[in-house]
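What follows is the residue order along each chain.
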Amino acid sequence: MDINVKKVKKNAFRVTKHRGLTASRVRVPGGDITSEQLRIVAEIADKYGNGKAHITTRQGFEIPGIKYEDMPKVNEMLQPLIDQLGINQDTPGTGYTSAGTRNITACIGNRVCPFANVETSRIAKRIDKAVFPHDLHFKIAITGCPNDCVKARMHDFGLIAATMPQYERDRCISCYACEKACRLKATQALKIVNERIEREHTKCIGCGECVLNCPTRAWTRSKQRYFRLAIMGRTGKKNPRLAEDFLLWADEDSCVQIIKNTYKYVTNYINLGAPGGKEHIGYIVDRTGFHEFKKWALEDVKLGPDTIVKEHVNWGGIRYGLHY
Amino acid sequence: MGLVLSASRFGKLMEEWSKKYDIYAPALFEGSGPFSDTDQVRYAKVTSLEEIVFDKKSNYPFKEAILPITQVLFYFTEDEVREAAPRGRDAVIFLRSCDFNALRSLDAIYIRNVIEDHYYKGVRERAKFVVMGCESSFDNCFCVDMETNTCSGYDAYIHLEADSVTLDIVNPELADSFSFESGENAQITPKFVTATTTRVNIPGNLDASVAGSDMWDEYHTRCTSCGRCNFVCPTCTCFSMQDVSYTDNGKCGERRRVWASCQVDGFTDMAGGHSFRANKGQRTRYRVLHKVYDFKKRNGYHMCVGCGRCSDACQEYISFSACVNKLEKAMGVK
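Residue positions within a chain follow its written sequence, with the count starting from 1. All chains are assigned letters beginning at A, and all ligands numbers beginning at 1, according to the order in which they are written. For this predicted model, a pLDDT threshold of at least 70 governs which residues receive local features, and a threshold of 80 or more governs which side-chain atom pairs are given and counted, while totals over whole chains, interfaces and linings are taken from all residues. Side-chain calculation: all heavy atoms of the structure are included, whereas hydrogens and water are not.

### Thoughts on the interface of chain A and chain B
Reasoning step 1: Counting from both sides, the interface comprises 28 residues of chain A and, opposite them, 28 residues of chain B.
Reasoning step 2: Buried area: the sum, over both parts, of the accessible surface (1.4 Å probe) that disappears when the two are put together. In total, chain A and chain B occlude about 2100 Å² of area from one another, counting both sides; carbon and sulfur atoms represent 45% of this.
Reasoning step 3: By definition here, a salt bridge exists when the distance from a side-chain nitrogen of Lys or Arg to a carboxyl oxygen of Asp or Glu is within 4 Å. Taken together, the links from chain A to chain B amount to three salt bridges.
Reasoning step 4: As a salt-bridge pair, R171 of chain A and E64 of chain B come within 2.6 Å of each other at their nearest N and O atoms.
Reasoning step 5: The definition of a polar contact used here is a pair of N or O atoms within 3.5 Å, where within protein one atom must be able to donate a hydrogen and the other to accept one, and adjacent residues in sequence count solely through side-chain atom pairs. On the surface where chain A and chain B come into contact, there are 17 residue pairs in polar contact (both at pLDDT 80 or more).
Reasoning step 6: Polar here means any residue outside two lists: the nonpolar Ala, Val, Leu, Ile, Met, Phe, Trp, Tyr, Cys and Pro, and the charged Asp, Glu, Lys and Arg; Gly therefore counts as polar. Across the side of chain A that touches chain B, the residue classes tally to 11 nonpolar, seven polar and 10 charged. Contacts are assigned to residue pairs that have any heavy atoms within 4.5 Å of one another.

### With respect to the pairing of strand 2 (residues 21-29) of chain B
Residue and element names in this part refer to chain B.
Reasoning step 1: Burial analysis of strand 2 places seven of its nine residues in the buried class, the great majority of the element.
Reasoning step 2: Any two strands are treated as partners once DSSP identifies two or more bridges connecting them. A run of H or I in DSSP counts as a helix once it spans at least four residues, and a run of E counts as a strand once it spans at least two, with each numbered from the N terminus. Across four bridges, the pairing between strand 2 and strand 6 (residues 90-96) is parallel. Bridging from a neighbouring strand, D22 pairs with A91 of strand 6. Relative accessibility decides the category of a residue: with a 1.4 Å probe and only protein chains considered, values under 20% of the type maximum give buried, values over 50% give exposed, and everything between is partly exposed.

### Comments concerning the sheet that holds strand 5 (residues 81-83) of chain B
All names here are of chain B.
Reasoning step 1: Read from one edge to the other, the open sheet built from four strands follows the order 5-4-11-10, with strand pairing classed as antiparallel. The open sheet is flanked by strand 5 and strand 10 (239-245), the only strands paired with a single partner. Taking the axes of each pair of neighbouring strands and ignoring which way they run, one obtains an average angle of 25° across the sheet.
Reasoning step 2: Taken together, the seven bridges between strand 10 and strand 11 (residues 253-259) define a ladder with antiparallel strand orientation. Following the sheet pairing, D243 is matched in strand 11 by R255. To define axes, lines are fitted to C-alpha atoms, for helices over the stretch in contact only, and angles between the resulting N-to-C directions are given on a 0 to 180 degree scale.

### Some remarks on the environment of T268 of chain B
All names here are of chain B.
Reasoning step 1: By secondary structure assignment, the location of T268 is in the loop between strand 11 and helix 6 (280-299).
Reasoning step 2: In this structure, T268 is in contact with H274, S275, F276 and R277, ignoring residues within four places of it in sequence.
Reasoning step 3: Within the local environment of T268, its side chain forms a polar contact with the side chain of S275, the two groups lying 3.0 Å apart.
Reasoning step 4: At 3.3 Å, the side chain of T268 forms a polar contact with the backbone nitrogen of F276.

### Overview of the environment of P240 of chain A
Residue and element names in this part refer to chain A.
Reasoning step 1: Tracing the backbone through its elements, the reader meets P240 in the loop between strand 12 (225-231) and strand 13 (244-250).
Reasoning step 2: In the structure, P240 is positioned 77 residues away from G317 in sequence and 5.6 Å away in space, judged by C-alpha atoms.
Reasoning step 3: Look past the residues within four positions of P240 in its chain and what remains in contact with it is R234, T235, G317, I318 and Y320.

### Let's talk about the sheet that holds strand 4 (residues 60-67) of chain A
Residue and element names in this part refer to chain A.
Reasoning step 1: A sheet is described by the order of its strands in space; here four strands give the open sequence 1-2-4-3, paired in antiparallel fashion. Strands at the two margins of the open sheet, each flanked by one partner only, are strand 1 (13-15) and strand 3 (54-55).
Reasoning step 2: Here strand 2 (residues 21-27) pairs with strand 4 via six bridges, running antiparallel. The residue of strand 4 that forms the bridge with T22 is I66.
Reasoning step 3: Contacts between helix 3 (residues 71-85) and the sheet are confined to strand 1, strand 2 and strand 4, with strand 2 contributing the most and set at about 10° to the helix.

Put into structure tokens, the structure is as follows:
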């Protein structure tokens with residue numbers, strides 16, 4: 001058996017521990033999939049795999065037990081799935097173009113969840129379209145509210161959706177359901193003054209609890225959607241850490257542009273001598289300093305009037321061994 | 001006066017009305033629901049037919065058009081009190097048959113209830129009502145069982161056909177300074193529903209013993225006392241009084257009344273700090289029996305008009321009609 005494993009990997013197949021057997025990696029941007037698409041996964045598992053599929057942590061499927069020689073046939077079967085998911089592809093019929101950039105994940109978002117401030121999977125698909133395929137190791141996730149069910153803060157870029165609560169004083173009946181929810185579940189950003197509510201903007205994280213809990217629609221959502229852009233979170237063997245806030249009250253377009261700009265920044269600064277020529281963004285930012293990253297990231301970005309840009313960002317996290 | 005008008009001719013009539021009246025009607029508030037990307041239908045001042053939502057039940061009833069959520073009664077300074085200015089213009093209010101029937105409960109509370117409330121009366125007397133026909137009932141509606149599916153005494157009636165507006169102008173003031181064309185006169189039949197999917201059975205011999213039933217206990221754990229059932233009810237009339245001093249100058253301030261809810265904490269707070277109806281099952285009992293029992297004893301008709309909005313709005317999926325339908329079994333049972 002003569003197999004170019006580099007090509008195999010680039011084609012979204014995995015080199016497994018079982019000699020002669022590979023696994024097909026099916027990427028589902030934003031985790032949004034139809035029953036018809038699921039059936040394709042099932043059919044591939046039945047026909048070329050071992051009847052099983054693994055649901056990956058990054059919202060894809062890994063179909064194991066596939067013989068290397070069946071890869072072209074699997075790719076053919078994948079084509080309708082790739083078409084329906086709108087995946088960028090060079091040559092139709094040749095399967096997924098795999099890359100360093102990981103599948104863009106999203107919580108279920110406001111298609112279902114009452115808490116979500118946006119349709120997260122739509123944004124995941126938009127960013128997917130804008131950045132795929134790419135060799136650079138980027139992890140991006142979108143979550144509908146600061147509950148952060150998708151764990152956006154474990155990502156290089158985590159978009160945490162928010163709403164700017166709008167208050168109509170004369171619809172308020174002083175039940176204080178909003179104040180109670182904010183105090184007990186969020187940041188105590190609401191204050192009762194003269195039997196009405198005052199929102200302290202610097203404390204408000206835009207979660208929407210006040211809107212959800214208001215029985216009279218005194219609180220409603222802003223038309224404009226906002227995002228808290230948290231950056232450079234990661235797992236790993238050196239310094240796992242949570243992403244820190246870079247922008248508050250940012251708009252979607254700016255977030256997408258910043259991600260695209262960061263690809264240029266990484267291309268410029270990546271240490272090609274790193275193992276496999278791979279270096280994660282966060283470590284590059286650690287090396288160049290945040291301010292250099294910021295300069296590249298914000299190039300030609302037109303931030304909205306509400307956006308707050310952090311002057312400095314400092315990360316913490318666990319430093320295994322402390323010897324690097 | 002039965003009429004069939006084209007949409008554009010009705011638009012002209014509304015223009016005419018707008019010169020004299022504020023027109024209140026159910027309108028679409030895009031994105032203003034509690035969840036993102038959800039809409040609400042509630043009352044707004046409108047000027048055109050297109051703004052009026054005919055094909056959905058409004059989430060909130062018409063009552064805020066005559067009984068504002070917040071109403072300032074007077075302003076005070078050190079030695080002066082000045083009453084708030086009354087509403088400037090007369091009103092035309094579009095509403096459905098159930099809501100029009102709810103009006104008599106509001107009147108019973110605010111006008112025929114020992115003392116006349118002149119704030120309410122002032123607005124009420126300057127309002128005209130246009131009843132919107134119902135093609136069929138909506139989810140949770142049970143107007144037929146509450147005998148509110150039909151009504152009379154309205155100032156006008158309206159429903160939409162595919163490309164025309166069917167109108168019955170009863171109060172000639174609404175036809176003032178508008179000349180209808182002879183071809184526009186027509187024999188019209190108001191659309192009132194005659195059956196609903198949701199049904200209620202209020203026992204004819206319902207008595208106070210049902211208050212002692214354990215049927216209310218489950219509501220203590222189910223209800224979150226948010227008060228939505230009250231705020232969406234066309235017949236809930238309770239308010240709280242708020243005296244506030246302005247923060248910039250504590251010697252000036254206002255007295256206002258705002259809607260209150262018998263389900264929300266604080267409703268039964270008394271001087272000294274005691275709150276006598278802490279149990280949410282008992283709050284449910286108080287509300288439900290007021291709607292289908294004790295109000296009728298005093299006024300001869302039920303307060304509930306069967307619009308079903310309380311069931312529509314409940315985030316805990318507590319159905320008012322399901323609760324009412326438990327009453328018969330619960331009578332006399334502890």
